[in-house]
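Residues per chain, in single letters:
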Amino acid sequence: MQFIDVCLDRVRIPWPGGAIKVNLALISPIILIPLTILLAAQGLMTTIVVGALVPILGILFYVVFLKHHPESNFFSSCFWTTCGFLIWMFEYMVMAYREVLFSENFALLLLIAVALYFYSRVKGNPGILGHPKQRQIKHKGEATPKEGIGEDFQTSENASSGMWCNICKIEKGQRVGHCRICNVCIDERDHHCVWINQCIGANNHRSFVLCLFFFILAVSYGAHLTLTTVCIPEMYFDYFLLPADCEYVYSDTHNSMCFVSGLLAVAIAILAGILLLQQIFLISQNRTWLEARHAGLARCWLFNAKSISSYGCWRNCWNFWFRASSGNYITNMDV
């Protein structure tokens, strides 16, 4: 890993004021994703091979690099590059067929706008309770406490029970987790989403689920419009169109790229749908993903009454959607 770090550090662009370091994790997806889609569009066999290799290479990259550099924005760059490219493909190439109605395109753009609105809410304060810099500001100008005299009310009891954060120097509640990427303690921390580079906690969890829901609707609807445009569709129940004959999708590059983009959108919708079902599953138990990992999958069945924080499925769901936020969170302005 040290060799890779040195090589990445040496990638710089000459500049009059000094060489500028190139962030390959940010830039590489902008180049690789369009090229990958173009490669997959060369034929049916290349579509299958690329579709099989991309997940394997992604997992390999995570194990080799991102596991040691969790702060990398590679996956978030992949997410935004893919979304931007799919939108461009639809508006510039799929709409060129003149088969998608204005109302259909407007509905798709409206779903995207709603998803972006909830995304903006997700990028807010996730529920920060502790920050290392907060301690520095709090003690600024004060006499430094003597070593070993419980500077931050740390006791052997809460330290041994995991109720103490040695980084933020605060006593944590049972449902507070420290994110080593964001370097803060977060109330009811669920997970750190690498795709949007944001922690999910008590203050933005609802917005995350709603963003995920509308994102799935937008991607699924875009995939449906794309595939029913490039393939010969068939009407079902006198109302619903589905692609029926895709025999000639590889007849030219324009068709094949639209087709591959549609397949990519379907794959993204399926993966995001699995994540949404997981979130609903955990919400019904009043568990976070972090708590589920600690408890073990065998103890996380639906409607599990043995969950310490569970009040029953329906009350858990009600509390999640309608419980008021505590609002007692620190912000970046505080630190």
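This text follows the structure it describes.
Throughout what follows, the structure given in this document is the object of discussion.

Rules used throughout
Residues numbered from 1 in each chain as written. Predicted model: local features only at pLDDT ≥ 70, side-chain atom pairs only at ≥ 80, totals over all residues. Heavy atoms only, no water. Helix = DSSP H or I, 4+ residues; strand = E, 2+ residues; numbered from the N terminus. Buried < 20%, exposed > 50% of the residue type's maximum accessible area, 1.4 Å probe, protein only. Contact = heavy atoms within 4.5 Å. Areas by Shrake-Rupley, 256 points an atom, 1.4 Å probe, with all protein chains shown as cover. Core = buried A, V, L, I, M, F, W, Y, C linked by side-chain atoms within 4.5 Å. Pairing = 2+ DSSP bridges. Axes fitted to C-alpha atoms, helices over the stretch in contact; angles between N-to-C directions. Disulfide = S-S within 2.5 Å. Polar contact = N/O pair within 3.5 Å; in protein donor to acceptor, adjacent residues only side chain to side chain. Parallel < 35°, antiparallel > 145°, perpendicular 65-115°, else oblique. Left-handed = near helix turned anticlockwise from the far one by under 90°. Nonpolar A, V, L, I, M, F, W, Y, C, P; charged D, E, K, R; others polar.

Along its length, the chain carries 11 helices and 11 strands. The burial tally for the chain puts 39% of its 335 residues in the buried class. Put simply, 59% of the contacts in the chain that link residues at least 6 apart link residues at least 24 apart. For the chain, the exposed surface amounts to about 20,600 Å²; the carbon and sulfur share of it is 66%.

Here we take up the nonpolar core. Judged by nonpolar contacts, the single largest core of 28 residues is most densely connected at Val122, Ile196, Phe208, Leu212, Phe215 and Val219. Contributing elements (two or more residues each) for this core: helix H4 (74-94), helix H5 (102-122), helix H8 (205-230) and helix H9 (253-283). The leading source of residues in this core is H8, at 10 residues.

Bringing the sheet that holds strand E6 (residues 176-179) into the picture now. Spatially, three strands are ordered E3-E7-E6 in an open sheet, and the strand pairing comes out antiparallel. Looking along the sheet, the strands with just one partner apiece sit at the ends: strand E3 (128-130) and E6. For this sheet, the mean inter-axis angle between neighbouring strands, taken without regard to orientation, is 40°. Sheet topology places E6 next to strand E7 (residues 184-187); four bridges connect them, and they run antiparallel. Residue pairing in the sheet places cysteine 179 in a bridge with valine 184 of E7.

Enumeration according to the criterion identifies one disulfide in this entry. Here cysteine 199 stays free of any disulfide, with the sulfur of cysteine 179 as its closest cysteine sulfur at 3.3 Å.

The topology assignment puts glutamate 291 in helix H10 (residues 289-295). From its side chain, glutamate 291 meets the backbone nitrogen of threonine 288 in a polar contact 3.0 Å long.

Here we come to the pairing of strand E10 (residues 232-236). Inspection of the sheet shows E10 paired to strand E11 (residues 240-245) by five bridges, in the antiparallel sense. Looking across to E11, one finds that glutamate 234 is bridged to leucine 242. Here E10 folds back onto E11, and the loop between the two strands holds three residues, one of which, phenylalanine 237, carries a positive phi near 55°.

Right, let's talk about the packing of H4 against H5 for a bit. The N-to-C vectors of H4 and H5 enclose an angle of 160°; their axes lie 12 Å apart at closest approach. In terms of their interaxial angle, H4 and H5 are classed as roughly antiparallel. Note that H4 runs across H5; the crossing there is left-handed. Facing Trp80, Ile87, Phe90 and Glu91 of H4, the residues of H5 in contact are Asn105, Leu108, Leu109, Ile112, Leu116 and Tyr119. Of the residues in the contact of H4 with H5, the class split is eight nonpolar, one polar and one charged.

Before going further, it helps to examine unusual backbone geometry. If you check the backbone angles, arginine 98 has positive phi at about 60° while not being a glycine. The phi torsion at glutamate 188 lies on the positive side, around 50°, for a residue other than glycine. Following the sequence through the fold, glutamate 188 ends up in the loop between E7 and strand E8 (191-193). Owing to a relative accessible area of 15%, glutamate 188 belongs among the buried residues under this scheme.

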